[in-house]
Number of protein chains: 2
Amino acid sequence: MIELVKKGRIMMDFSPAHSNIPVYGKPVSSYIRKTMKVIFLFVILTVSNLNLYAQNNQKADSLMLRSIFDNALTDKRIEPDLFYLTKNIGSRISGSENARKAIEWAKAKMEEIHPDKVYLQEVVVPHWIRGSKEASSFTTKNGKVAVMSVSALGGSIATNGLLKAQVVEVRSWAELDDLGLAGVKGKFVFFNRPMDPREIEVFKAYLAAADQRAKGAIEAAKKGAVGALVRSLTLSIDDFPHTGTMNYEAGVNKIPAAALSTKSADLLSVELKNNPALLYTLQMNCKQLPDVKSYNVIGEITGANKPEEIISMGGHIDSWDLSEGASDDGTGFVQTLEVLRLIQERGARPERTFRAILYINEEAGAHGAYEYARIAGLSGEKHIAVLESDAGGFSPRGFRIDGNPEAVAKIKSWKSLLTPYKVDDIQPDQRGIDLIPMKDISKVLISLTCDDQRFFDIHHSGLDTFDKINIREVELGAASMAAMVSLISKYGL
Amino acid sequence: MIELVKKGRIMMDFSPAHSNIPVYGKPVSSYIRKTMKVIFLFVILTVSNLNLYAQNNQKADSLMLRSIFDNALTDKRIEPDLFYLTKNIGSRISGSENARKAIEWAKAKMEEIHPDKVYLQEVVVPHWIRGSKEASSFTTKNGKVAVMSVSALGGSIATNGLLKAQVVEVRSWAELDDLGLAGVKGKFVFFNRPMDPREIEVFKAYLAAADQRAKGAIEAAKKGAVGALVRSLTLSIDDFPHTGTMNYEAGVNKIPAAALSTKSADLLSVELKNNPALLYTLQMNCKQLPDVKSYNVIGEITGANKPEEIISMGGHIDSWDLSEGASDDGTGFVQTLEVLRLIQERGARPERTFRAILYINEEAGAHGAYEYARIAGLSGEKHIAVLESDAGGFSPRGFRIDGNPEAVAKIKSWKSLLTPYKVDDIQPDQRGIDLIPMKDISKVLISLTCDDQRFFDIHHSGLDTFDKINIREVELGAASMAAMVSLISKYGL
C-alpha cells in the first residue's frame, strides 16, 4: 500500500472519505454529506461545550481506532505466528515438552517487540499424558464388532487393561437418580444428552451440556459405576471425539472417563435399545505424571501518565493434545503477541501500563491464571481491566464484560466507536476462564466475543487445525482487543 | 429431540423459558424475572391499548420466528441438498448440461414440498465454455520460465493460438490514460490494483476493485492493447485465479481477458520492474456457443387473505465453472428450497402469496431475473417484496433493503424480533443482482447480509467447494429469510 501511495497515482484513493473506510463512528457516504447542513445547524443550536469536547474526543478516538485496525489488517504478522505455533510446535498440553517450547518461543517473540519488560512467571502445573491410543468397542447382537471413536477426558485415570462391562444410557441427572445403585453398579454410565441445536449461540448449547463431562465420572462413581462414557460436546455428527477436562471428588471412587464421537454415541444408543445387556470394552492408558515447573509469559509497556494502573490482555499457551490447538487457543495466543505489537507501535506510550499475558494451563485448572492473580493480589497492584481472547478466533462480534457497573457503563459509552468495526455487541457474563481469578482484583473482566457457529465443530478435537482459521478474522479480533485496551488506557475506568 | 421430550425426563428442559432460548425479543433470565414486577407496573400505568395490542403481536411474532428457527435448525435438510447440488451435479455455468440437471433437480425438490404450484419459466441464456485449460507464462531475465496461474474471464474471446506481447502494468485508470496509445498499443494491459485489506467489509473492497474486471478489456482495447490481464479479486495471496464476468463494448475491438492468481500477479509485477520488455504469452480456448433455451424454477404458495400480493425469495441456479459453486450460490439455491419448506410447514397458509424463485444465469447477465421481471411487469402482478440470498451463505448478520421509505421503516420496526437471532443489522444498498430488474416493480428489494470475511477467499475460484461451508450458518440464513418473508406476509408493506 505504501508503495502505491508513494506513486500517488492509485485508482482508488485510500483516504477514508473516498474508500468509504469508516471514520467518525460511521462510514462517510453521500447520504451523510447531504445531511451535514442539518447536523451542523443542530450542533450550533443545541450542543454544549461539553458535547463539543466529547465530539472532538470521539473524532480523535475514531482516528486512533482506524489506525489500529489499519495496522492489524496490513502488518501480516498473525499468519506466520499462528503457522509457526501450530505447525512447528503443535499441540502443547501443560507440562509437555511442546508447552515448554511454546513458552520459550512466546518469550522470544515478545522480546522482538521490545516492550519495557518481558518476563516469565513461575507456575507449577499438572502433567497428564494420554499414553498409547485408546481402544473401545462392543459386539452387536448380530455378532459384529463395532469399534468406537473415543478419547480419554483430560485428567482421567487409566483402565488398567481392558475394562469390560454393561452400559446404561442416561440423558439427565434425573434418569441417573432413578436408576440408583441397583441400576448402575458395575456398569458404564453413558451420558448421551446432545447439545441443543436450537440455541442460536452454540456457546450456550455447549455450556448447557458440559456438566456431563465435568461431573459425569463423579456422579456415576457415587452409584458404583466402573466408567463414564460422555457424548462429545459438539453439534457435528462425525467420528471425532472431543476431549476436555473432567473432575474427581475427594472421597468418591475415581473411575475412567472417555468422550465418544457423536457417531459412536448414536450407534451405541441405537444398539442399546435392542441389546441392553451388550458388553462394552474400553482401554485407556493415560496417566497423571508428577507436577512440572512451568511459566506464564508476560510482556509489559509502562504507562506514561498513570503507570500504577494496569490493563492486561491475554490468551492461553496450552492446548489439548489431539490437535494443533489452532483455534483453542492458538488464535488468542498470537493475538496476545499482536496486541502487544499494536500498542507498542502506536508511537506514543499508553497512558496506563499495559500487560500482555500468556497463561499456562487454562485447560486443566487455570493454574497460570490463579498464580498470576495470587501475585497481583499480594503485590497490591491496581488492575483496572483484564481482557482475554479464548473464544475461537472467528469473526469478532464484541465483548462480554463483568465488574464495576460504572466502569461497564463507561465502556458501553464507547459503543459507537466500535460499530464501524462490527464489534459493538457488548454483553454481560464474560467467558474467559483465565479471568475468573481476577474477579475481586480487577475493576472489570472482559472477554472477546467471536462468531461461534464453527467453534464447537473443532473444539478440543483432532479437527482444531490451522486450515480452519481465517487469518483476517484473527487480525480483526486482535485489532478489537487493542482498540479496547487503548480506550481504557486513555480514559481509565 | 421429539423422542426425548416424549420420555419427559430430560435434564435440560428444552422449553424456551428454561433452555434460555430467546423469546419475546430477549433471552429469559433470572434478571428479567426479577424485573417483571417493575415492568408490569410500568405497563399498567403507561401503556395504551394500542401498545398492549402491539405487545401481544410482538409476543405472537416472536413465537412464530422461534418456531421457524427451531424447524430450520433441526430439520437437517440443508446438508443433503447442498451435498447433492455440489457433489452430484457440481459446477453449472448457464447453458451447460449441469445447469440443465440442476434445473430438473430443483423442480423435483420443489415438487416434493407440495406447494400450490411448481413451474419452469423459459429463459434464453448465453452459453460460454472455457475449452481446454488456459496456458500462460513469461521468461524471466535470467532465462527461467515462470508459469502463471490464469483463467479466462467469463465471456472472453479466445486468443486463437499463442498470444505473445509485452505487458504494461497499471493500478489506476489515470495510469492507463497517461500511457496513451503509444504506451499500450500491441501490449497486454495488466490491471494490478489490489483489493484494500483495510476495508472491514471485504464486500466493499471487492466492489471497489471489480471495475478492473468489468471494463478492463474495453478500456485497454480502446488504446490498442492485445489483451487484458486482471489481478484476481481476493485478499488471499495464493495460486487460485478467480474468474467472473467481463464486458465488451459495441464498436470497441474485442480482446481476450484473463484473471491472474494473486501470487502470479505479484510475481509478474516484481519481474516487470527489472524486465519491463518481457514477453508474456497467453493461450485461451474459450468460446461463446449459440444461446440456449433454459429456465427459472418457481414454486408458489397462494396467500390465504391477500393472494394478489406477492413476496418472493430466491437464489441463483448457475455457478462459475471452476468449482462446485458451493458458496456462490449453492447456499442461496438450497436456502430457497428450505424457505419454501419452512413457509409450507408453518401449518397455516401465509396471508400473502409466497414465491420461491431459482434464477438462471445471474453470473453472466442476470437473464433469468430480467425475464422474470419482464413477465411480472407485463402481467401487472403486485410485488411487495423480493428477497435474494447471494452473499456466500456464511453467518447471517441482517438485511440490506432498498425501496419505498415507509415500507423500509415498517421492516425496521421489526428489528427487536430479529435481535435474538443476531440478524438485526438492517442497512440500505441491497446487493442482490437478481433483484435489480424488479426495482420499479416491487415495493422493496431485500438481500441477505452474511459475514463476508471468508467469502472472497473462495469466490469464483476452484476453492468454492462444499467443505468451506458451515451447514448451521446456511440454516440460520434460511430461517432468517423465512422469518422476514413471514413478517411481511403477515403485515404487508
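That block above? That's the structure.
Basis of the calculations
Residues numbered from 1 in each chain as written. Chains lettered and ligands numbered in written order. Predicted model: local features only at pLDDT ≥ 70, side-chain atom pairs only at ≥ 80, totals over all residues. Heavy atoms only, no water. Helix = DSSP H or I, 4+ residues; strand = E, 2+ residues; numbered from the N terminus. Buried < 20%, exposed > 50% of the residue type's maximum accessible area, 1.4 Å probe, protein only. Contact = heavy atoms within 4.5 Å. Areas by Shrake-Rupley, 256 points an atom, 1.4 Å probe, with all protein chains shown as cover. Expected span 1.5 Å × (residues − 1). Pairing = 2+ DSSP bridges. Axes fitted to C-alpha atoms, helices over the stretch in contact; angles between N-to-C directions. Parallel < 35°, antiparallel > 145°, perpendicular 65-115°, else oblique. Left-handed = near helix turned anticlockwise from the far one by under 90°. Nonpolar A, V, L, I, M, F, W, Y, C, P; charged D, E, K, R; others polar. Phe/Tyr/Trp six-rings, centres within 6.5 Å; stacked < 30°, edge-to-face > 60°. Disulfide = S-S within 2.5 Å. Core = buried A, V, L, I, M, F, W, Y, C linked by side-chain atoms within 4.5 Å. Polar contact = N/O pair within 3.5 Å; in protein donor to acceptor, adjacent residues only side chain to side chain.

Participant: Just give me the short version of the overall build of chain A, but keep the residues and values in it.
Facilitator: When its secondary structure is counted, chain A shows 17 helices and 17 strands. Going through the 493 residues of chain A one by one, you find that 60% of them count as buried. Contacts spanning at least 24 positions in sequence make up 82% of the contacts within chain A whose residues lie at least 6 apart. Taken as a whole, chain A presents about 19,200 Å² of accessible surface, with 57% of it coming from carbon and sulfur.

Participant: Explain helix α7 (residues 97-113) of chain A residue by residue, including any values.
Facilitator: Owing to its 3.6 residues per turn, the α-helix brings residues three or four apart onto one side. All names here are of chain A. Between its first and last C-alpha, α7 extends 25 Å over 17 residues, near the 24 Å set by a 1.5 Å rise per residue. Taken together, the buried positions of α7 are N98, A99, A102, I103, W105, A106, K109, M110 and I113. Against the buried residues of α7 lie α6 (78-89), β1 (117-129), β11 (287-301), α12 (326-344) and β13 (352-359). Just past α7, the residue H114 takes up positive phi, approximately 60°.

Participant: Explain the sheet that holds β13(A) residue by residue, including any values.
Facilitator: Residues and elements named next belong to chain A. Pairing in this open sheet of 8 strands is mixed, and the strands run β1-β11-β13-β12-β14-β17-β15-β16 from one edge to the other. This sheet does not close on itself; its edge strands, each paired only once, are β1 and β16 (425-427). Adjacent strand axes in the sheet meet at a mean angle of 20° when their direction is disregarded. Alignment of strand β15 (residues 396-403) against β16, held across 3 bridges, turns out to be parallel. Residue pairing in the sheet places R400 in a bridge with Q427 of β16. Its contacts with the sheet place α12 against β11, β12 (306-316), β13 and β17 (442-450), and it is angled at close to 150° to β12.

Participant: Before we move on, can you summarise the packing of helix α8 (residues 173-184) of chain A against helix α10 (residues 211-222) of chain A with the specific residues and values?
Facilitator: All names here are of chain A. Direction vectors running N to C along α8 and α10 enclose 25°, while the axes themselves pass 12 Å from each other. Between α8 and α10, the interaxial angle falls into the category roughly parallel. Considering the relative orientation of α8 and α10, their crossing is right-handed. Two secondary-structure elements touch here, α8 through W173, L176 and V184 and α10 through D211, Q212, K215, G216, E219 and A220. When its residues are assigned to classes, the contact of α8 with α10 shows 4 nonpolar, 2 polar and 3 charged.

Participant: Give a detailed account of unusual backbone geometry, specifying residues and quantitative values.
Facilitator: Residue A:D329 is reached from A:D328 by a cis peptide bond, and omega for that bond is 0°. In this model, A:N361 sits at a positive phi of 60°, which is unusual for a non-glycine residue. Position of A:N361 relative to the elements: it lies in the loop between β13 and α13 (367-378). Phi is positive for B:K422, close to 60°, though the residue is something other than glycine. Structurally, B:K422 can be placed in the loop between α15 (415-418) and β16 (425-427).

Participant: Pulling in residues and values, what's your account of the packing of aromatic side chains?
Facilitator: Residues and elements named next belong to chain A. Throughout the structure, instances matching the rule amount to 32 aromatic pairs over all chains. Residues F203 and F456 carry aromatic rings whose centres are separated by 5.2 Å and whose planes lie at 85° to one another, so their mutual orientation is edge-to-face. Of this pair, F203 sits in helix α9 (residues 202-209) while F456 sits in helix α16 (residues 455-458), placing them 253 residues apart in sequence. F456 shares its class with F203; the two are buried.

Participant: So what about the side chain of A:Q453? Which residues, and what values?
Facilitator: Along the chain, the position of A:Q453 falls in the loop between β17 and α16. The buried category is assigned to A:Q453, whose relative accessible area is 5%. Once you skip the residues sitting within four places of it in the chain, A:Q453 turns out to touch A:I200, A:V202, B:S395, B:N470, B:R472, B:E473 and B:L476.

Participant: Could you give an account of helix α11 (residues 262-274) of chain B, with specific residues and numbers?
Facilitator: Compared with the 18 Å implied by 1.5 Å per residue over 13 residues, the 19 Å span of α11(B) between its first and last C-alpha is a close match. All of the buried residues in α11(B) are B:T262, B:S264, B:A265, B:L268, B:S269, B:E271 and B:L272.

Participant: Tell me about the state of the cysteines, residues and numbers included.
Facilitator: Enumeration over the complete set of coordinates arrives at 0 disulfides over all chains. Free of any disulfide, A:C450 has its nearest neighbouring cysteine sulfur in B:C450, separated by 18 Å.

Participant: Explain the nonpolar core to me, and be specific about the residues and the numbers.
Facilitator: The biggest cluster of nonpolar side chains holds 85 residues, and the ones touching the most others in it are A:I411 and A:I488. At 12 residues, the largest contribution of residues to this core is made by helix α17 (residues 471-491) of chain A. Those residues within four positions of A:I411 in sequence are excluded, and the remaining contacts are A:I401, A:I426, A:V444, A:I446, A:M484, A:I488 and A:L493. Counting residues in hydrophobic clusters, the runner-up holds 84 residues, among them B:A205, B:Y206, B:V297 and B:Y421.

Participant: Please give an account of the side chain of A:Q430 that cites residues and values.
Facilitator: All names here are of chain A. By the secondary structure assignment, Q430 is in the loop between β16 and β17. Given the relative accessible area of 12%, Q430 is considered buried. Only 2.4 Å separates the side chain of Q430 from the backbone nitrogen of G432, close enough to count as a polar contact. In this structure Q430 touches R400, I401, D402, L435, I436, L445 and S447, once residues within four positions along its chain are discounted.

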